[in-house]
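Chain residues, written in single-letter form:
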Number of protein chains: 2
Amino acid sequence: MIRIGIAGYGNIGRGVECNIKENEDMELVAIFTRRNPDDVKTQGLCPVVNISEIENWKEKIDVLIVAGGSATDLPEQTPKYSKWFNCLDTFDTHARIPEHFANVDAAAKEGGNLSLISCGWDPGMFSLARLYANAILPNGNDYTFWGKGVSQGHSDAIRRVKGVKDAKQYTIPIDSALASVRAGDNPELTTRQKHTRECFVVLEEGADAAQVEQDIVTMPNYFSDYDTTVHFISQEELDRDHSGIPHGGFVFRTGSTGKENENQHVIEYSLKLDSNPEFTTSVLMAYARAIFRMKEEGKTGCMTVFDVAPKYLVPMDEAFIRAHML
Amino acid sequence: MIRIGIAGYGNIGRGVECNIKENEDMELVAIFTRRNPDDVKTQGLCPVVNISEIENWKEKIDVLIVAGGSATDLPEQTPKYSKWFNCLDTFDTHARIPEHFANVDAAAKEGGNLSLISCGWDPGMFSLARLYANAILPNGNDYTFWGKGVSQGHSDAIRRVKGVKDAKQYTIPIDSALASVRAGDNPELTTRQKHTRECFVVLEEGADAAQVEQDIVTMPNYFSDYDTTVHFISQEELDRDHSGIPHGGFVFRTGSTGKENENQHVIEYSLKLDSNPEFTTSVLMAYARAIFRMKEEGKTGCMTVFDVAPKYLVPMDEAFIRAHML
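Residues numbered from 1 in each chain as written. Chains lettered and ligands numbered in written order. Predicted model: local features only at pLDDT ≥ 70, side-chain atom pairs only at ≥ 80, totals over all residues. Heavy atoms only, no water.

Engineer: Would you mind going over the relation of the copies chain B and chain A with me for this structure?
Structural biologist: Two chain copies, one operation linking them: a rotation about an axis together with a shift along it. Mapping chain B onto chain A is achieved by rotating through 180° and translating by 0.0 Å along the same axis, at an RMSD of 0.0 Å. Interpreted geometrically, this transformation is the action of a two-fold axis. Considering only C-alpha atoms, the residue of chain B closest to the rotation axis is B:Ala309, which sits at 1.9 Å. (Least-squares fit on C-alpha atoms with pLDDT ≥ 70 in both.)

Engineer: I keep staring at the side chain of B:Arg197 and nothing clicks. Help me out?
Structural biologist: Residue and element names in this part refer to chain B. Counting through the fold element by element, Arg 197 comes out in strand E10 (residues 195-203). Look at Arg 197: it is buried, it has no salt bridge, and the nearest opposite charge is Asp 225 at 8.7 Å. Here Tyr 226 takes part through its side chain, which lies 3.3 Å from a polar atom of the side chain of Arg 197. Look past the residues within four positions of Arg 197 in its chain and what remains in contact with it is His 154, Gln 169, Tyr 170, Thr 171, Tyr 222, Phe 223, Tyr 226, Asp 227, Thr 228 and Thr 229. (Helix = DSSP H or I, 4+ residues; strand = E, 2+ residues; numbered from the N terminus. Buried < 20%, exposed > 50% of the residue type's maximum accessible area, 1.4 Å probe, protein only. Lys, Arg positive; Asp, Glu negative; His and termini not counted. Salt bridge = Lys/Arg side-chain N within 4 Å of Asp/Glu carboxyl O. Polar contact = N/O pair within 3.5 Å; in protein donor to acceptor, adjacent residues only side chain to side chain. Contact = heavy atoms within 4.5 Å.)

Engineer: Before we go on, may I ask you to explain the nonpolar core in this structure?
Structural biologist: Burial of nonpolar side chains together is a common tendency in soluble globular proteins. Ranked by size, the top nonpolar core spans 155 residues in total, and within it A:Tyr287 and B:Tyr287 carry the most contacts. If sequence neighbours within four positions are ignored, B:Tyr287 has contacts with A:Tyr132, B:Leu88, B:Leu116, B:Cys119, B:Leu128, B:Val305, B:Val308 and B:Leu313. (Core = buried A, V, L, I, M, F, W, Y, C linked by side-chain atoms within 4.5 Å.)

Engineer: Just to check I follow, could you spell out the packing of helix H4 (residues 125-136) of chain A against helix H4 (residues 125-136) of chain B for this structure?
Structural biologist: The relative placement of two packed helices comes down to the angle between their axes together with the axis-to-axis distance. Here H4(A) crosses H4(B) at 170°, and the two axes come no closer than 13 Å. Considering the angle they form, H4(A) stands roughly antiparallel to H4(B). Residues A:Met125, A:Leu128, A:Tyr132 and A:Ile136 of H4(A) lie in contact with H4(B), whose contacting residues are B:Met125, B:Leu128, B:Tyr132 and B:Ile136. Looking at side-chain class alone, the contact of H4(A) with H4(B) contains eight nonpolar, no polar and no charged residues. (Axes fitted to C-alpha atoms, helices over the stretch in contact; angles between N-to-C directions. Parallel < 35°, antiparallel > 145°, perpendicular 65-115°, else oblique. Nonpolar A, V, L, I, M, F, W, Y, C, P; charged D, E, K, R; others polar.)

Engineer: How do you make sense of the environment of A:Thr191 when you look at a structure like this?
Structural biologist: All names here are of chain A. Along the chain, Thr 191 falls in helix H7 (residues 191-194). For the pair formed by Thr 191 and Thr 144, sequence separation is 47 residues and the distance between their alpha carbons is 11 Å. If we ignore the near neighbours within four places in the chain, the residues touching Thr 191 are Asp 225 and Tyr 226.

Engineer: Could you clarify how one ought to interpret the sheet that holds strand E9 (residues 164-173) of chain B in this entry?
Structural biologist: Residues and elements named next belong to chain B. Across the sheet, four strands lie side by side as E8-E9-E10-E11; this open sheet has mixed pairing. In this open sheet, the two strands that pair with only one neighbour each are strand E8 (149-150) and strand E11 (227-232). Bridge count between E10 and E11: six bridges; the pairing is parallel. The residue bridging Phe 200 from the neighbouring strand is His 231, located in E11. Strand contacts of helix H5 (residues 152-159): E8, E9 and E10, with the helix running at about 145° to E9, the strand carrying the most contacts. (Pairing = 2+ DSSP bridges.)

Engineer: For this particular structure, what's the right way to read the pattern of salt bridges?
Structural biologist: Residue and element names in this part refer to chain A. For the coordinates displayed, the defined rule picks out 32 salt bridges over all chains. As a salt-bridge pair, Arg 253 and Asp 142 come within 3.0 Å of each other at their nearest N and O atoms. One end of the pair, Arg 253, is in strand E12 (residues 247-257); the other, Asp 142, is in strand E7 (residues 140-146), with 111 residues separating them in the sequence. By relative accessible area, Arg 253 is classed as buried at 3%. Here Lys 299 makes a salt bridge to Glu 297, at a shortest N to O gap of 3.7 Å. Since its relative accessible area comes to 48%, Glu 297 is described here as partly exposed. The structure contains a network of salt bridges with shared partners spanning Asp 156, Arg 159 and Asp 166.

Have a look at this one:
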């Protein structure tokens, strides 16, 4: 059995609790929290332990899933815990990946552990889709679309607008853009031509709806480069119709081959997810298995999904997957 | 530079000639043929050599692409050449993969070489799509659709029907079945509900069209389990409108997560290819690079796409792909 620990009990921690039953070669042994363990209500599959005691669990955990935020938690936590555990995180600040990788690599090597960063679906499965497709079609174009799905960052940005009580924002890929890419037209698409943004907003009492809408659609970085629609609804409607966290997206590569590059090819990878955090967690579970096995083969340091041969991800043995899945 | 050789000059051999220019780290050094080399008209990028001399090229080739048929050529050729070269083949007789793997593995180890079998898009990229998706969603269903594309085997079967001069057969996935899978309905689909078959047939003079049509649509294994449409056209029309070899298809996995498995997810990988052999060749080139590198790291024996970490497939170095493609 692969013994899994989780540092941090949020969406990812809850996802691991749900997914552990689908992975018969894994068991959940501890959830670590910065809070008072008595205040953390889990499914009760394993003990909840204060994070200050984590080092004592060194010999009892095979892979630690570090489930914190990319802005401040993971840059500190994944290197720290990689000295004691094989770690897995979802670090998604693309620009800082090289720095994070170097820090985790040094710490993991110091501790004789193997960690893997930036796991999930983007970065993660979408990165793999891009890499494989670029390897096959060196002469081509990449396109990535996100959605339809809830963007947590954009929902938070709306909630910070004066007069807004609550909000949910959906990122929606534009169908005609998808169709053009899929048809091999190789379009050049602006930000506005790729996605729209749809906002469901609950106003505070007495708020000025027109002003709130104006503040949202003109917000730089978040909305001003997009066609944005704002719907005002009641808190009851928001809770009833928009409590899910669906997401997904599309990765395309289009490219040509042939003596005169006369033949066009389209590679498409897409995800349609009812629950963004649960799917992310599902990816993490597969990579937890891979880390465990590669560590057993003697590997240490930091890796990404690019370093992992696919065979390590499934519980079946190599002869089985060759016979049944190739 | 990675020095590539090709054993066999057919569609794959011609594909390598077209694709080599897109891979700046590779050069084509020889094409081997069972025919008289003087009778083989190539693009002239490299010498054409009789296959009887292949052993003399041991030190001059890094990866040999063995481009023969799966029925009789590859089971003999890939093990034979793996004693002398790192080999790559497209072996696609699924039921015989374990046996072929064992033979190539023994021969490659004997020769101190590294070979990879069953490369291309199915088996190959579709196998990878299935494996990754199964690793992520252990609780789910797999669906594979092929087309729209030309099936060489079915076209050949039609050409063997009495009264048929020439023919081309397209395999076509049924849109409503695709839509149902994509919507997460988890349908159970019969063979007839997944694909239709469309045949373009040139009759011999005086042939009985009704009889030919009847012989095609009732042909066991090939057509009797499908809804098949037969169009009779002239040789001129066949040559003008049906000379391409397009193909493609869709690999889906649908699965659920959550405390009560209440959340559905759909993973879809699809290919739309103007030229089946040129795309297959493009995949081979990427894996030729991977074999070359993994051999340099000391690996020998037989592998499949499941054994290759994605980083080996692209010419860029590891720091670059982490910074730019993750």
